[in-house]
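The chain contents come next:
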Amino acid sequence: MMKIIITGSLGNISKPLTKALVQKGHSVTVISSKMEREKDIEALGATAAIGSLDDIDFLTESFTGADVVYCMTPLDLKNSDLKGWITEISRNYAHAIQKTGIKRVIALSGWVAGIFPSYKEIESIFTELSGVFVTQIRPGSFYSNFFDSIAMIKEMGMLASIYGGEDRIVFSAPADIADAIVEEIISPDFTNKVRYVASDEMTCNEAAKIIGTAIGKPDLKWAVISEVEMQKALETAGLSPKLASDIVEMQVPIHKGLMSKEFSLHQSEVINGKIKLKDFAKEFAGIFNDK
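Small disclaimer: the values here were computed from a predicted structure and weren't measured.

Q: Hey, could you run me through the packing of aromatic side chains in this one?
A: Pairs of aromatic rings are described using the distance from one ring centre to the other and the angle between the two planes. All chains considered together, the criterion is met by 15 aromatic pairs. Measuring from centroid to centroid gives 6.3 Å for phenylalanine 146 and phenylalanine 284, while their planes differ by 70 degrees, and the two rings are edge-to-face. Within this pair, whereas phenylalanine 146 is found in the loop between β7 (141-142) and α6 (150-156), its partner phenylalanine 284 is found in helix α12 (residues 277-290), the two being separated by 138 residues in sequence. Residue classification places phenylalanine 146 among the buried residues on the basis of a relative accessible area of 5%.

Now the structure itself:
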């Protein structure tokens, strides 16, 4: 039995991850910033640690005595500097890891780290820790991102983003990401490594067809819009110009084919998930029809 720290509260990845690790008999502590999550965490058989990721002393206390820690940075849409926020929290994690002597870390990253040097530098905050073995988990686009497009589909009758049409995209299901993290946690291979997670891969048109068919709109299209149009749409939705720009920057490589190429270059490091887009589409249809 290991003592494992899970960050990310009971999010899309952390909740199934917590369930799986508890079922395997491990002692799991889940870090959350919300006191109301305490009962839900305990109901899963885990221990709740309530506090802020900005509080290094809290993190250090929570990490003390742990064998493994899973580190992820929740997306803060109120913070205008996305990269700065991720960097700050990663450094807080690293400080607590080094101070408590943890030797095994699983860090949630993303495919963008293989393309953008600035995100690769964020990964290095963990990999440069002395005496710590780190696995960077790089998933593709989350299926759950489709939920953000429900209003667009209902109002405009289509999907639209900087990428679309015949652009290829790799999707990742949160549950498959959780399974990949469990696999790495129990792996006896204590080396620094990168693992990509891919549940499904296809063109955006093929994805639109699957989603559209599930909701009774088999002719649903996925249109390509300009960077300027996307920037404006994100700002209209309430995001700061800087945060909107960061998101635009991360989407451009999909349209340029860099994301698909990144995965193709690292097939030996890819963990293939079980949940296909057709599986997720059923869940999506249920939520779509309820709204």
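Moving on, there is more to tell.
Q: How should I be thinking about the environment of isoleucine 177 in this particular structure?
A: For isoleucine 177, the position within the fold is in helix α7 (residues 174-186). Once residues within four sequence positions are removed from consideration, isoleucine 177 is found in contact with Ile13, Leu108, Ile137, Pro139, Phe142, Ser172 and Val197.

Q: Can you help me understand the layout of surface pockets in this one?
A: Think of a ball as big as a water molecule: rolled over the atoms, this probe shows where empty space is left. Volume-wise, the second largest pocket comes out at about 200 Å³. The leading source of residues in the lining of the second largest pocket is α12, at 3 residues. A class-by-class count of the residues in the lining of the second largest pocket yields 7 nonpolar, 2 polar and 2 charged.

Q: Please clarify how a positive patch on the surface should be interpreted in this entry.
A: Taken together, the side chains of Lys15, Lys19, Lys34 and Arg37 define a basic patch exposed on the protein surface. Note on placement: lysine 19 falls in helix α1 (residues 14-23). We classify lysine 19 as partly exposed; its relative accessible area is 39%.

Q: Any chance you could explain the nonpolar core here in plain terms?
A: Most often, soluble globular proteins keep nonpolar side chains buried together rather than apart. Judged by nonpolar contacts, the single largest core of 74 residues is most densely connected at Phe63, Ile97, Phe146 and Leu277. Among the elements that make up this core, the one with the highest residue count is helix α4 (residues 82-100) (8 residues). Not counting the four nearest positions on each side in its chain, phenylalanine 146 is found in contact with Leu159, Phe171, Ala207, Ile211, Trp222, Leu277, Phe280 and Phe284. Grouped together as the second largest cluster of nonpolar side chains are 26 residues, Ala48, Val68, Tyr70 and Ile137 included.

Q: I keep staring at a negative patch on the surface and nothing clicks. Help me out?
A: A surface patch of negative charge is lined by Asp54, Asp55, Asp57, Glu61 and Glu88. Secondary-structure assignment places glutamate 61 in helix α3 (residues 56-63).

Q: Looking at this structure, I do not really get the sheet that holds strand β10 (residues 193-198). What am I missing?
A: The strands making up a sheet associate through hydrogen bonds between their backbones, and the pairing can be parallel or antiparallel. Pairing in this open sheet of 8 strands is parallel, and the strands run β3-β2-β1-β4-β5-β6-β10-β13 from one edge to the other. Only two strands of the sheet have a single partner each, and these edge strands are β3 (47-50) and β13 (270-272). The sheet shows a mean angle of 20 degrees between the axes of neighbouring strands, taken without regard to direction. Note: strand β6 (residues 133-139) against β10, 5 bridges, orientation parallel. The residue of β10 that forms the bridge with glutamine 136 is valine 194.

Q: Looking at this structure, I do not really get unusual backbone geometry. What am I missing?
A: A negative phi angle is the norm for most residues apart from glycine, just as the trans form is the norm for most peptide bonds. Even without being a glycine, serine 9 presents a positive backbone phi close to 55 degrees. Here serine 9 is to be found in the loop between β1 (3-6) and α1. Classification of serine 9 as buried rests on a relative accessible area of 15%.

Q: What is the right way to look at helix α8 (residues 204-214) in this model?
A: What sets the pattern is the α-helix's 3.6 residues per turn: residues three or four places apart point alike. Taken together, the buried positions of α8 are occupied by Cys204, Ala207, Ala208, Ile210, Ile211 and Gly212. Buried residues along α8 sit against β8 (159-161), β9 (168-172), β11 (200-203), β12 (222-224) and α12. At the C-terminal side of α8, glycine 216 shows a positive phi close to 80 degrees.

Criteria and cut-off values
- Residues numbered from 1 in each chain as written.
- Predicted model: local features only at pLDDT ≥ 70, side-chain atom pairs only at ≥ 80, totals over all residues.
- Heavy atoms only, no water.
- Phe/Tyr/Trp six-rings, centres within 6.5 Å; stacked < 30°, edge-to-face > 60°.
- Helix = DSSP H or I, 4+ residues; strand = E, 2+ residues; numbered from the N terminus.
- Buried < 20%, exposed > 50% of the residue type's maximum accessible area, 1.4 Å probe, protein only.
- Contact = heavy atoms within 4.5 Å.
- 1 Å grid on protein atoms, 1.4 Å probe; cavity = no way out; pocket = protein on both sides within 12 Å on 5 of 7 lines; lining within 4 Å.
- Points joined across faces, edges and corners; volume = space filled by probe spheres on them.
- Nonpolar A, V, L, I, M, F, W, Y, C, P; charged D, E, K, R; others polar.
- Patch = residues over 30% accessible without salt bridge, like charges linked within 9 Å, V, L, I, M, F, W, Y side chains within 5 Å.
- Areas by Shrake-Rupley, 256 points an atom, 1.4 Å probe, with all protein chains shown as cover.
- Salt bridge = Lys/Arg side-chain N within 4 Å of Asp/Glu carboxyl O.
- Lys, Arg positive; Asp, Glu negative; His and termini not counted.
- Charge placed at Lys NZ, Arg CZ, Asp CG, Glu CD.
- Core = buried A, V, L, I, M, F, W, Y, C linked by side-chain atoms within 4.5 Å.
- Pairing = 2+ DSSP bridges.
- Axes fitted to C-alpha atoms, helices over the stretch in contact; angles between N-to-C directions.

As far as function goes, none of this settles anything; it's purely spatial.
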